[in-house]
Amino acid sequence: MVAAQFDLTGRTALVTGGGSGLGAAMAMALSDAGASIVLVGRREDRLKATLGSRDGAIAAIDLVRQDAEKDLSQHMASLGIEPDIIVNAAGINPRLSADDISSSEWQHTLHLNLSVPFLVAQQFVPGMKAKAWGRIINIGSLQSSRAFENGIAYGTAKGGILQLTRAMAEAWSRFGINANALLPGFFPTELTAPVFEDTGKVENLARQTAMGRNGRLDDICGPALFFASDASAYVTGQALAVDGGFTAK
Ligand SMILES: NC(=O)c1ccc[n+]([C@@H]2O[C@H](COP(=O)([O-])OP(=O)(O)OC[C@H]3O[C@@H](n4cnc5c(N)ncnc54)[C@H](OP(=O)(O)O)[C@@H]3O)[C@@H](O)[C@H]2O)c1
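Residues numbered from 1 in each chain as written. Predicted model: local features only at pLDDT ≥ 70, side-chain atom pairs only at ≥ 80, totals over all residues.

**Some remarks on the sheet that holds strand 4 (residues 85-88)**
Read from one edge to the other, the open sheet built from 7 strands follows the order 3-2-1-4-5-6-7, with strand pairing classed as parallel. Both edges of this open sheet fall to strand 3 (56-60) and strand 7 (239-242), since each of them pairs with a single strand only. Averaged over all pairs of adjacent strands, the angle between strand axes in this sheet comes to 15°, irrespective of strand direction. Here strand 4 pairs with strand 5 (residues 134-139) via 4 bridges, running parallel. From the neighbouring strand, N88 faces strand 5, where its bridge partner is N138. Strands in contact with helix 1 (residues 21-32) are strand 1 (12-16), strand 2 (36-41), strand 3, strand 4, strand 5 and strand 6 (177-184); relative to strand 1, the strand with the most contacts, it is inclined by about 175°. (Pairing = 2+ DSSP bridges. Helix = DSSP H or I, 4+ residues; strand = E, 2+ residues; numbered from the N terminus. Axes fitted to C-alpha atoms, helices over the stretch in contact; angles between N-to-C directions. Contact = placed C-beta atoms within 7 Å.)

Here it is in structure tokens:
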């Protein structure tokens, strides 16, 4: 039964950036498919509101802090939770030019967008290995393969996500842990609010897609469920663009 392959009953998914935007949309999709969800971010109120009455937990933590991934791991252990699925959706885009970005802004962006996905996954891989089953979903971007204005730090991190995903697959897939990346196009979230405020820019971006529109949060749900479930059993180290054909043109 193909439908059974998408069933996440009995699985637990940890979603960084799960309090808002694409992370929240993916967490809701995995929860709808039967998973218990753990939402991670800095804003506790936001995490609580997003979780609502669903089965799961929250972890209010600043992932850029030194050893944050270890604190997260200890918090999960104290709750008796061992995630089967990790969605690395926490991210920032400082939108600073190559001439102006400071060393600290550069390091902050690279750390949260590229290092944290690895460091968080590394904490939970032993538990996945013990179960011989795991799924890691990293989030890239159009900027994984294209250079955008004022995207030097963000794009560098998102380009790195492609190789991080392949390297994770190489290291861990033989233990039943698949790692894949989703590459979203333009979706209206807090991260892209500065872009969506400019109607002309938004329409121009929509025109650059094959479908003639930008993303809706629901568009990320099916692809996330595919990578989180048994449906992607023989898929690892891959990147799937969810961009309405932006990169196909
Ligand atoms: N929207 C798009 O068009 C688009 C396109 C391509 C890729 N993406 C990627 O999709 C992912 C989600 O972004 P989004 O668009 O959904 O924007 P978003 O709503 O702003 O989500 C970003 C999340 O990251 C969390 N976060 C930021 N800094 C953090 C930190 N230091 N520690 C822990 N959590 C932190 C935020 O929660 P707190 O503020 O509560 O910490 C927030 O929930 C990002 O990786 C982004 O690069 C988005």
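**Quick word on the pairing of strand 1**
Counting buried positions along strand 1 gives 5 out of 5 residues, so the element sits mostly inside the fold. Pairing between strand 1 and strand 2: 5 bridges, direction parallel. Along strand 2, the bridge assignment pairs T16 with V40. Crossover connection from strand 1 via helix 1 to parallel strand 2: handedness right-handed. Of the pairings in the sheet, the one linking strand 1 to strand 4 comprises 4 bridges and is parallel in character. For V15, the partnering residue across the bridge sits in strand 4 and is V87. (Buried ≥ 20, exposed ≤ 12 C-beta atoms within 10 Å, placed from the backbone. Right-handed = clockwise from strand over helix to strand, strands pointing away.)

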